[in-house]
Amino acid sequence: MFYRLNKVFSLVLILLSCIACAQSYTTLSIPDSLLKNANAVIRQSHTNAVVKPGSAIFTEDKTITILNSTAEDLSEITIPYDKLRKIKSFKAELYDNMGNKIKQFDKRDAGDYSNAGDNLGIETRFKFWNLKGSSFPYTIHYIYEVELLSLFYVQNWVPASGSSVSIENATFHLSCSDIHVSNKSNLVALKNHSADEYTWELSGFKAIKKQAFSPNNFDFLPYVLLTADEFELYGVKGSSKTWNDFGRFVYQLNEKRENLEDVNIPEVDLLLSTLKTNQEKIQFLYRYLQNNYRYVSIQLGIGGWQAQTAKYTLQQKFGDCKALVTLMKGLLKKAGIPSYMTLVSAQKNRIEPQSDFVHSDFNHVILCIPNNRDTIWLECTSHIDPYNYLGSFTEGRNVLILNENGGTIARTPTYTEKANSCHGSTALTLAEDGSSLLTSNVTFEGEKQDQLRALYYDSDKKNLQLAVISAMDLSNTKSVAFNILAMDSNSPKISIKASIVDNSTIKKTASRIMINPSFLDPFKDFSANNDNRTLPFKITEGVTYFDTLTFSLPSQFFPENFKGDERKTLTTQFGSVTFSLLFDSTTNQLIIFRKGIVKEQIYPSSDYKAFGQFMLDAENMYSPTLVLKKAE
């Protein structure tokens with residue numbers, strides 16, 4: 001009898017344990033406050049880092065409830081590995097809505113892929129696990145361990161990498177015995193700290209709704225950055241105590257690899273001797289690089305940070321960003337012009353390097369050339385970019401310039417509304433079939449010309465035509481014929497002459513003509529929701545538009561809803577509009593002059609409603625519907 005009771009009691013305990021386990025994975029226990037605006041909820045995330053001299057072990061234990069398909073990428077687990085990063089173990093389970101286990105996974109269930117893609121040489125591979133459920137919501141739990149064999153890269157802690165994700169509880173524990181690891185955190189509380197132990201905790205983090213014009217993710221998401229003060233990379237020792245130390249390490253890896261003094265390059269040496277100014281020499285050498293060498297990513301071993309020599313790249317005719325920068329540096333050195341390799345992060349969402357904390361988020365290299373009071377920047381991987389132009393890829397961000405003394409934080413130029421522009425002159429004639437014939441001369445400058453230039457050099461005529469239509473905001477066209485009038489190789493500028501049959505700008509009935517000049521409009525199609533804005537908003541591309549429109553109209557039509565001579569202006573902190581028109585009844589011409597400016601800036605969330613109103617008012621002023629009535 002006692003044995004039977006014991007057996008029943010044990011079965012009850014097992015049953016209760018299973019129920020408790022199921023309850024921990026059921027979605028029904030998620031607080032309502034964490035479901036709001038959420039596509040996924042991180043139920044628990046516990047990361048443990050043990051850092052020792054020369055190596056580190058990271059263990060991540062995480063449970064995530066996937067609420068809908070928007071967040072389904074969180075159930076695709078990707079872990080990179082290479083010679084310096086080893087995957088020690090992996091286990092995972094999939095649970096249904098009620099917390100019942102559906103499937104389990106281990107290290108053997110992974111796909112194994114190269115990270116090279118179309119690149120020539122990258123050693124990094126990655127393991128991939130697909131933990132997707134068949135219906136929403138579902139929950140995944142996984143735990144894995146990785147070992148780092150170099151402290152050059154120390155894994156950071158980013159509990160939520162994007163918007164629309166809530167966090168019930170997350171902790172990060174760091175143990176760093178016999179080595180100093182610097183740290184910097186954002187929006188995370190340091191719960192415990194002793195000599196060699198740190199614990200950060202985050203609880204009840206509510207999902208942030210995805211919002212238009214959102215700033216860099218790392219401006220509003222929690223994270224902890226780690227940097228080992230001393231490290232070794234493929235046998236080469238370095239330090240991250242200061243940017244100067246880190247810069248010196250990378251500089252020394254690449255020191256003298258640009259040397260070409262003993263190499264004869266007849267097609268270069270001969271022409272260089274005829275050029276007088278440094279600017280002429282830099283422009284010539286940059287064109288030589290672009291026309292003769294192509295970009296191929298190569299990251300083998302220490303080659304992720306050490307470039308191939310300029311001599312090697314000169315012979316092979318290709319190289320990665322470091323190699324092409326090194327070759328360009330060597331060509332400039334032959335011409336007696338100093339230049340400096342510069343590290344940059346080309347990612348949209350990035351942690352900007354700050355002067356008080358060394359954190360290497362760099363993934364690209366460009367070239368910096370001092371030039372009296374100015375600085376010349378060269379993107380050496382592009383065969384089409386204009387001279388001294390970086391574009392949106394690397395403009396307006398903190399970079400690390402390397403020289404013989406170490407590294408210096410600087411900032412690349414920002415292309416504001418003064419640099420990004422579109423200006424045109426358009427003549428419009430009403431055709432017999434009611435459509436309008438447009439003849440337009442338009443010049444795009446700065447970032448407004450980027451896509452057109454790329455498509456032009458790719459010889460993609462069809463997509464280039466579509467890009468011209470898009471750039472001019474002409475959505476309802478019958479046909480477009482255009483010519484590239486000018487494309488400046490030394491400045492970001494493209495001039496186009498286009499002939500367009502358009503069905504939307506002018507509409508005619510028996511007694512009225514309606515004109516809606518909605519093309520070349522920087523304020524068009526703004527529809528962002530103004531409600532419940534919580535994040536600052538960032539206008540990433542400031543722009544200036546200005547154009548003159550000349551409408552040739554049939555006789556006997558006169559203004560109905562506007563005066564024959566009007567001038568209007570609108571000026572706010574976000575931008576401005578100038579609009580004027582003149583109707584000449586003797587020539588039957590309506591002439592419109594417009595200028596619109598949107599400023600590049602970061603604004604507080606409290607200004608978003610006013611910004612939306614500005615965009616609406618500016619659109620109504622910039623592209624009004626004008627009605628002319630036929631005289632009776």
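Values in this document were obtained by computation on a predicted structure and should not be read as measured data. Numbering of residues starts from 1 in each chain and follows the order in which that chain's sequence is written. It should be noted that, the model being predicted, local features are given only for residues of pLDDT at least 70 and side-chain atom pairs only at 80 or more, the latter also being counted only at that level, while totals for whole chains, interfaces and linings use all residues. Note that the side-chain values use all heavy atoms of the structure and ignore hydrogens as well as water.

**Q** With reference to specific residues and values, describe the confidence of the model for the chain.
**A** When pLDDT is averaged along the chain, the result is 91, and 94% of the positions lie at 70 or above. Every residue is assigned a pLDDT by the predictor, reflecting its confidence on a scale from 0 to 100. The contact definition used throughout considers only heavy atoms, calling two residues in contact when any of these lie within 4.5 Å. Confidence over residues 1-22 falls short of pLDDT 50; this stretch has two contacts with residues more than four positions distant or in other chains.

**Q** Could you give an account of the environment of Gln155, with specific residues and numbers?
**A** Segments assigned H or I by DSSP are reported as helices when at least four residues long, segments assigned E as strands when at least two residues long, and all are numbered from the N terminus. Looking at the element boundaries, Gln155 is found in the loop between β9 (138-148) and β10 (165-176). Per-residue accessibility, obtained with a 1.4 Å probe over protein chains only, is compared with the maximum for each type, and a residue is labelled buried under 20%, exposed over 50%, and partly exposed between these values. The class for Gln155 is buried, based on a relative accessible area of 17%. Not counting chain neighbours up to four residues away, the residues in contact with Gln155 comprise Phe58, Glu60, Arg85, Tyr144, Val146, Leu148 and Leu226.

**Q** Explain the pattern of salt bridges to me, and be specific about the residues and the numbers.
**A** Salt bridge, as applied in this entry: a Lys or Arg side-chain nitrogen positioned within 4 Å of an Asp or Glu carboxyl oxygen. By the definition in use, this model includes 22 salt bridges. Across the pair Arg108 and Asp106 runs a salt bridge, and its minimum N-O distance is 2.6 Å. The salt bridge involving Lys334 is made with Asp269; its shortest N-O contact spans 3.5 Å. In this pair, Lys334 sits in helix α7 (residues 321-334) while Asp269 sits in helix α4 (residues 266-272), placing the two residues 65 residues apart along the sequence.

**Q** Quick rundown of the environment of Cys422? Include the residues and the values.
**A** With respect to the helices and strands, Cys422 occurs in strand β25 (residues 421-430). According to the relative accessible area criterion, Cys422 is buried, its value standing at 2%. Spatially, the C-alpha atom of Cys422 lies 25 Å from that of Gln283, the residues being 139 residues apart in sequence.

**Q** So what's going on with the environment of Thr199? Which residues, and what values?
**A** Along the chain, the position of Thr199 falls in strand β13 (residues 197-205). Aside from chain neighbours lying at most four places away, what touches Thr199 is Phe172, His173, Ala189, Leu190, Lys191 and Asn192.

**Q** Requested: an account of the sheet that holds β10, with residues and values cited.
**A** Ordered by their spatial adjacency, eight strands build an open sheet running β5-β4-β9-β2-β1-β10-β13-β12, and the pairing between neighbours is mixed. The open sheet has two free edges, formed respectively by β5 (101-106) and β12 (189-193), since each of these has just one partner strand. On average, each strand axis in the sheet is inclined to that of its neighbour by 10°, with strand direction left out of account. Summarising the sheet, strand β4 (residues 85-95) and β9 pair through ten bridges and their orientation is antiparallel. Bridged to Ser89 within β9 is Glu145. Any two strands with at least two DSSP bridges between them are considered paired. The axes used here are C-alpha line fits, helices contributing only the stretch in contact, and every angle between their N-to-C directions lies in the interval 0 to 180 degrees.

**Q** Give a detailed account of helix α3 (residues 243-254), specifying residues and quantitative values.
**A** To estimate the expected span of a helix, subtract one from its residue number and multiply by 1.5 Å. Taking 1.5 Å of rise per residue, twelve residues should cover 16 Å, and α3 covers 17 Å from first to last C-alpha, within 8% of that figure. Those residues of α3 hidden inside the fold are in contact with β15 (230-233), β16 (236-239), α7, β20 (340-344), β23 (398-403) and β24 (406-411). Positive phi shows up at Lys256, right after α3, with a value of about 65°.

**Q** Mind laying out the pairing of β10, listing which residues take part and the relevant values?
**A** Judged by how many residues are buried, β10 sits mostly within the fold: ten of twelve residues are covered. Where strand β1 (residues 40-52) and β10 come together, ten bridges link them in parallel fashion. Looking at β10, one finds that Val50 is bridged to Ser175. Of the strand pairs in this sheet, β10 and β13 are connected by eight bridges, and their pairing is antiparallel. Across the sheet, the residue bridging to His173 is Thr199, located in β13.

**Q** If you had to explain unusual backbone geometry to someone new, which residues and values would you point to?
**A** For the bond from Phe136 to Pro137, the omega torsion is -10°, close enough to zero to count as cis. The phi dihedral of Ser164 falls on the positive side, at around 65°, and the residue is not glycine. Tracing the sequence through the fold places Ser164 in the loop between β9 and β10. Take Ser164: its relative accessible area is 8%, and that puts it in the buried class.

**Q** Which residues make up the sheet that holds strand β8 (residues 125-130), and what values do they have?
**A** Spatial ordering of the open sheet is given by β3-β8-β6, a layout of three strands whose pairing is antiparallel. Looking at the sheet topology across the chains shown, the edges are occupied by β3 (76-81) and β6 (111-114). Strand-to-strand twist across the sheet, computed as the mean angle between neighbouring axes with direction ignored, equals 25°. Note that β6 and β8 share four bridges and pair antiparallel. The partner of Gly111 across the bridge, within β8, is Phe128.

**Q** An account of the side chain of Ser440 is needed here, citing residue identities and associated values.
**A** Within the secondary structure, Ser440 is located in strand β26 (residues 436-445). Residue classification places Ser440 among the buried positions, given a relative accessible area of 0%. Under the rule applied, a polar contact is a pair of N or O atoms within 3.5 Å (in protein, one hydrogen donor and one hydrogen acceptor; residues adjacent in sequence only if both atoms are side-chain atoms). Reaching out from Ser440, the side chain makes a polar contact with the side chain of Thr426 at a distance of 2.8 Å.

**Q** Describe the nonpolar core, and please don't skip the residues or the numbers.
**A** In this structure, Phe246 and Leu378 are the most contacted members of the largest nonpolar core, which totals 97 residues. Ranked by the residues each element gives to this core, the list is headed by α7, at seven residues. Beyond its immediate chain neighbours, meaning those up to four positions away, Leu378 contacts Ile282, Tyr286, Met328, Ile366, Leu367, Ile369, Tyr387, Asn388 and Leu390. In this text, buried Ala, Val, Leu, Ile, Met, Phe, Trp, Tyr and Cys residues form a nonpolar core when linked through side-chain atoms within 4.5 Å.

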